[in-house]
Amino acid sequence: MVAYKSKMVERIRLPSREQRERNLEAAGYNLFNLSSKEVFVDLLTDSGTGAMSDAQWAALIRGDESYAGSRSFEELEAAVADVMGFSNVVPTHQGRGAENVLYGSLLSAGDVVPNNTHFDTTRAHISNQDADPVDCPVEFAHDPDADEPFKGNFSLERARAVVEEHGAERIPVVVQTITNNSAAGQAVSVENTRKVREFADEIDATFVIDACRFAENAYFVSQREEEFADASIADIAREQLGYADALVMSGKKDGLVNAGGFVATDDDALFEQCKQRAILYEGFPTYGGMAGRDVAAMAVGLREAVEDAYLEDRIEQVREFGAQLAAVGVPVYTPTSGHAVYIDAGELFPHLDAAEFPGQVLACELYREGGVRGVELGSFAFPDTDRPELVRLAVPRRTYHREHFDHVVETAEAVLEKRETVSGLQLASDPVMPEIRHFTAELEPVPSSQ
């Protein structure tokens, strides 16, 4: 059932094929370098790209822009306490600001940080502290066809091997990302979160949950974990998050806003550390790099994110999109996640090896054929890691309609039909930080002689 009606529209246009060809070349075959006006359907990310509700727009108008002690901050504090169960909040300009504040407070050179799977900015922030991020996904996490309900879970077996190798004293922090974005947005069970909590206690580590898509994860728990079949989404979210010592949050996902993030914790000492670091990098602790109006909108968005009607509409839209792609023969990672459909570019282009970046090739071909922008999350985005060659088509919240997804499916089908004629890409430039090279690095077609 559709839970919304449109109250505002934006004109979009599809550039001609000749324009798209020129745009790709000028962008160095990196879709981050495209202007938004050059894109017809933009599925690059679901981060900050969604449409806010009328209640959020009303909150924007009422926002309190006081530098210190803002009423809007008090509203955010109350929302985090009610929805997520944490009393201490440090706002930041977005999720990576929260990562900088939290991991800069917790980590030192030589530390090791296990995570079910680190996302790009998480990995980069941990590395920036001269610490070592280590992925601990379950064995079937990167199998696009495995029939498992919680492929995003944290592998305790792998984590204990990390302890055996490095020693518990070098592991001050354990992180669990829900949903597991770098493992195709797969869900994490509450049972697994409990076990990670126990593991963190065993080694005397701080347990952090990256809660960017906590509400979508809670929806999957309600559908797939028998213990919670009769529980509300809100109750599931509070229970799962309650096992953590601290949260790092991008409000641009399940906060349903276009800017903002925060750190939340009930650890008063950690809270004080984070506040001091936030003053240095983000702003005063009651605005944290955001306008008061954005803080107010996020307070409303957190409450809307755990409403059943919103989540049913959101998850069903993504599920149906994935089913449409699969129906025309596009190899889709299953089960479909809550925020995106992931396409297996390695299967789509078996004639390309990882060195030719098949995921980035697919992303470029989707733009070439239909002005669709997605993002590669394979060997280009994550060098020196053992991951499938995935392309993520992230669905902005409450933004696109059936006709847009029909166009994307037709575009993907056109790429599928000509897949044997597609050639690879190679790096033309390589930024200093390999963890985030996919944001700015440029590529070029592999010469036909290679």
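These lines cover the structure that appears in this document, whether it is placed above or below. (Residues numbered from 1 in each chain as written. Predicted model: local features only at pLDDT ≥ 70, side-chain atom pairs only at ≥ 80, totals over all residues. Heavy atoms only, no water.)

1. Concerning the pairing of strand β12 (residues 390–394)
Within a regular strand, the side chains alternate between the two sheet faces.
Point 1. The buried fraction of β12 amounts to five of the five residues, a majority that puts the element mostly inside the structure.
Point 2. Side chains of β12 alternate between two faces, with Leu390, Arg392 and Ala394 and Val391 and Leu393 buried alike.
Point 3. Judged from the five bridges that link them, strand β9 (residues 340–344) and β12 form a sheet pairing that is antiparallel. In the sheet register, Asp344 faces β12, and the bridge partner there is Leu390.
Point 4. As defined by bridge partners, strand β11 (residues 375–376) adjoins β12 across two bridges and the pair is classed as antiparallel. Across the sheet, residue Glu376 finds its bridge partner in β12, namely Val391. (Buried < 20%, exposed > 50% of the residue type's maximum accessible area, 1.4 Å probe, protein only. Helix = DSSP H or I, 4+ residues; strand = E, 2+ residues; numbered from the N terminus. Pairing = 2+ DSSP bridges.)

2. Some remarks on the layout of surface pockets
Point 1. Its volume calculated, the largest pocket comes out at about 1,500 Å³.
Point 2. What lines the largest pocket is a set of 40 residues, and nearest its centre among them are Ala51, Arg398, Thr399, Tyr400 and His401.
Point 3. Of all the secondary-structure elements, those providing two or more residues to the lining of the largest pocket are α2 (54–62), α12 (308–327) and α15 (402–417).
Point 4. Here the element with the most residues in the lining of the largest pocket is α12; it accounts for seven residues.
Point 5. Residues belonging to the lining of the largest pocket are distributed by class as follows: 15 nonpolar, 11 polar and 14 charged.
Point 6. Computed from the structure, the second largest pocket encloses a volume of approximately 490 Å³.
Point 7. Lining of the second largest pocket is provided by 28 residues; of these, Thr45, Ser47, Arg96, Phe119 and Lys253 occupy positions nearest its centre. (1 Å grid on protein atoms, 1.4 Å probe; cavity = no way out; pocket = protein on both sides within 12 Å on 5 of 7 lines; lining within 4 Å. Points joined across faces, edges and corners; volume = space filled by probe spheres on them. Nonpolar A, V, L, I, M, F, W, Y, C, P; charged D, E, K, R; others polar.)

3. Considering empty space enclosed by the protein
Point 1. A complete count under the given rule lists one cavity of 30 Å³ or more for this structure.
Point 2. Residue lining of the largest cavity: Asn30, Leu31, Phe32, Leu44, Gln360, Ala363, Gly374, Val375, Glu376, Phe380 and His438, and that is the complete set.
Point 3. Elements represented by at least two residues in the lining of the largest cavity include exactly α14 (358–370) and β11.
Point 4. Residues that form the lining of the largest cavity fall into these classes: six nonpolar, four polar and one charged.

4. A few points about the packing of aromatic side chains
Point 1. By the definition in use, this model includes eight aromatic pairs.
Point 2. Their ring planes at 65 degrees and their centres at 6.3 Å tell us that Phe119 and Phe382 sit as a pair that is edge-to-face. Of this pair, Phe119 sits in the loop between β3 (112–115) and α5 (120–128) while Phe382 sits in the loop between β11 and β12, placing them 263 residues apart in sequence. No difference in accessibility class separates Phe119 from Phe382, as the two residues are buried. (Phe/Tyr/Trp six-rings, centres within 6.5 Å; stacked < 30°, edge-to-face > 60°.)

5. Observations regarding the nonpolar core
Point 1. Met84, Phe214 and Leu302 are the most contacted members of the largest nonpolar core, which totals 62 residues.
Point 2. Setting aside residues up to four positions removed in sequence, Phe214 forms contacts with Val83, Met84, Ile178, Ala237, Leu241, Met249, Asp254, Leu302 and Val306. (Core = buried A, V, L, I, M, F, W, Y, C linked by side-chain atoms within 4.5 Å. Contact = heavy atoms within 4.5 Å.)

6. Looking at α14
Point 1. Spanning 13 residues, α14 covers 18 Å between terminal C-alpha atoms, matching the ideal 18 Å at 1.5 Å per step.
Point 2. Extensive coverage of α14 is indicated by the burial of 13 of its 13 residues.
Point 3. Phi for Gly371, located one or two positions after α14, is positive at around 70 degrees. (Expected span 1.5 Å × (residues − 1).)

7. Some details on the pattern of salt bridges
Point 1. Inspection of every chain in the model, using the stated rule, returns 29 salt bridges.
Point 2. The salt bridge partner of Lys195 is Glu191, with a shortest N-O separation of 3.6 Å. Placement of both Lys195 and Glu191 in helix α7 (residues 190–202) is noted, with a separation of four residues, approximately one turn of the helix.
Point 3. Classification of Lys195 as partly exposed rests on a relative accessible area of 41%.
Point 4. For Glu191, a relative accessible area of 43% gives the class partly exposed.
Point 5. Connected through salt bridges with shared partners, the residues Arg17, Glu21, Glu365, Arg368, Glu369 and Lys418 form a single ionic network. (Salt bridge = Lys/Arg side-chain N within 4 Å of Asp/Glu carboxyl O.)

8. So, the sheet that holds β11
Point 1. Pairing is antiparallel across the open sheet formed by three strands, whose spatial order is β9-β12-β11. Of all the strands in the sheet, just β9 and β11 have a single pairing partner and so form its edges.
Point 2. Sheet strands touched by α12: β9 and β12. Its angle to β9, the strand with the most contacts, is close to 25 degrees.
Point 3. Relative to the sheet, α14 contacts β9, β11 and β12, its axis offset from that of β12 by approximately 40 degrees. (Axes fitted to C-alpha atoms, helices over the stretch in contact; angles between N-to-C directions.)

9. Comments concerning unusual backbone geometry
Point 1. With an omega of -15 degrees, the peptide bond running from Ile178 to Thr179 counts as cis.
Point 2. Among the secondary structure elements, Thr179 is positioned in the loop between β5 (173–177) and α7.
Point 3. Across the junction of Thr334 and Pro335, the peptide omega takes the value -5 degrees, indicating a cis bond.
Point 4. Following the sequence through the fold, Pro335 ends up in the loop between α12 and β9.
Point 5. Positive phi values are uncommon outside glycine, yet Asp204 reaches one of about 60 degrees.
Point 6. Here Asp204 shows up in the loop between α7 and β6 (206–210).
Point 7. On the basis of relative accessibility, which here comes to 71%, the residue Asp204 falls in the exposed class.
Point 8. In this structure, Arg398 takes a positive phi of about 55 degrees despite not being glycine.

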